[in-house]
Amino acid sequence: MPEQPLSLVIGNKTWSSWSLRPWLVLKRFGIPFEEVGVKLRQADSRSRILAHSPAGKVPVLKHGDLLVWDSLAIIEYLADLHPEHAVWPRGRTARAIARAVSAEMHSGFLQLREACPMDLFARKPLETVPEGVEHNIRRIVQSFRACRAGHGGGGAFLFGAFSAADAMYAPVCSRLRTYVPDLARFGDDGTAAAYVETIFSMPEMDDWAAGARAEAAD
């Protein structure tokens, strides 16, 4: 059904980390879609989201009669729908590792996510880093270094060119920039800090930030 239009229902761009992930894949690969925004943290937010999906969560991808309501599932669907784009790395080994680190992000790093919610423009360095958050950050730093060294092929992203794994970790980069700007104290040799800059140098991230500012002014 690729001839049918895609629409992506998302939350506020300042806070909605899960919305950013599939949005970034769509934008980066130039896949046409309609963007539908739902304001979060409002009295009627849940009812508005339920009007789009019975799961009651954003993001939601709509494609004809099909609803896909999970970020990673949306990205997988886009990869299937558009095999001409390397949504996942082309190489089998790199693709397996990219899926593994993406799944790790999808289901893990709970302490970091709970203590450091995405707040795109905020700068709130943690005075004290809880032990669980520190373990999460050290694992992320280690993972960034391993992906870049083992599969980056000299490119600026985790697996050389931009892929779904980068989309999955873009909100993590936002959290690190907001709450933990000094990554050297967590074992970073400069790779993770450079990767955060790579993510925020993407024109698509500039577009996302511009949208967040427009929402705040509305």
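Refer to the structure printed above.
Residues numbered from 1 in each chain as written. Predicted model: local features only at pLDDT ≥ 70, side-chain atom pairs only at ≥ 80, totals over all residues. Heavy atoms only, no water.

## Some words on the side chain of Arg 175
- Locating Arg 175 in the fold gives a position in helix H7 (residues 164-179).
- Within the buried set, Arg 175 has no salt-bridge partner at all; the shortest N-O distance to an opposite charge, 10 Å, is to Glu 114.
- Reaching out from Arg 175, the side chain makes a polar contact with the backbone oxygen of Cys 116 at a distance of 2.7 Å.
- Once you skip the residues sitting within four places of it in the chain, Arg 175 turns out to touch Ser 17, Arg 21, Leu 112, Arg 113, Cys 116, Pro 117, Met 118 and Val 180. (Helix = DSSP H or I, 4+ residues; strand = E, 2+ residues; numbered from the N terminus. Buried < 20%, exposed > 50% of the residue type's maximum accessible area, 1.4 Å probe, protein only. Lys, Arg positive; Asp, Glu negative; His and termini not counted. Salt bridge = Lys/Arg side-chain N within 4 Å of Asp/Glu carboxyl O. Polar contact = N/O pair within 3.5 Å; in protein donor to acceptor, adjacent residues only side chain to side chain. Contact = heavy atoms within 4.5 Å.)

## Details of unusual backbone geometry
- Cis geometry is adopted by the peptide bond preceding Pro 59, which originates at Val 58 and carries an omega value of 5°.
- Residue position: Pro 59 is located in the loop between helix H2 (45-50) and strand S3 (60-63).
- Phi angles above zero are rare outside glycine, and Phe 109 is one such case at about 55°.

## Section: the pairing of S3
- In terms of strand pairing, strand S1 (residues 6-10) meets S3 through four bridges, oriented antiparallel. Looking across to S3, one finds that Val 9 is bridged to Val 60.
- Taken together, the three bridges between S3 and strand S4 (residues 66-68) define a ladder with antiparallel strand orientation. Its bridge partner lying in S4, Leu 61 is registered against Val 68.
- Connecting S3 to the next strand, S4, in antiparallel fashion are two residues, including Gly 64 with a positive phi near 65°. (Pairing = 2+ DSSP bridges.)

## Some remarks on the nonpolar core
- Of all hydrophobic cores here, the largest spans 65 residues; its most connected members are Leu 24, Ile 137, Phe 144, Tyr 169, Leu 176 and Ile 199.
- Put simply, the parts of the chain that give this core at least two residues each are S1, helix H1 (17-28), helix H3 (71-81), helix H4 (92-107), helix H6 (131-151), H7, helix H8 (191-200) and helix H9 (203-217).
- In terms of residues, this core owes the most to one element, H7, which gives 10 residues.
- What Phe 144 contacts, discounting residues up to four positions off in sequence, is Leu 158, Tyr 169, Cys 173, Leu 176, Thr 191, Ala 192 and Tyr 195.
- Counting six residues, the second largest nonpolar core, distinct from the first, contains Val 9, Leu 40, Val 58 and Val 60. (Core = buried A, V, L, I, M, F, W, Y, C linked by side-chain atoms within 4.5 Å.)

## Here we look at the sheet that holds S1
- The strand order across the open sheet formed by four strands is S2-S1-S3-S4, and the pairing between neighbours is mixed. Here the strands that pair on one side only, and so sit at the sheet edges, are strand S2 (34-37) and S4. In this sheet, neighbouring strand axes are inclined to one another by 20° on average, regardless of whether the strands run parallel or antiparallel.
- Seen against the sheet, H1 touches S1 and S2 and runs at an angle of roughly 150° to S1. (Axes fitted to C-alpha atoms, helices over the stretch in contact; angles between N-to-C directions.)

## So, the pattern of salt bridges
- For the coordinates displayed, the defined rule picks out six salt bridges.
- Note that Lys 124 and Asp 119 form a salt bridge whose closest N and O atoms lie 3.3 Å from each other.
- Take Lys 124: its relative accessible area is 42%, and that puts it in the partly exposed class.

## Looking at H3
- The element H3 is extensively covered by neighbouring structure, given that eight of its 11 residues are classed as buried.
- Restricting attention to buried positions, one finds in H3 the residues Ser 71, Leu 72, Ile 74, Ile 75, Tyr 77, Leu 78, Ala 79 and Leu 81.
- At its buried positions, H3 is contacted by S1, H1, S3, S4, H4 and H7.

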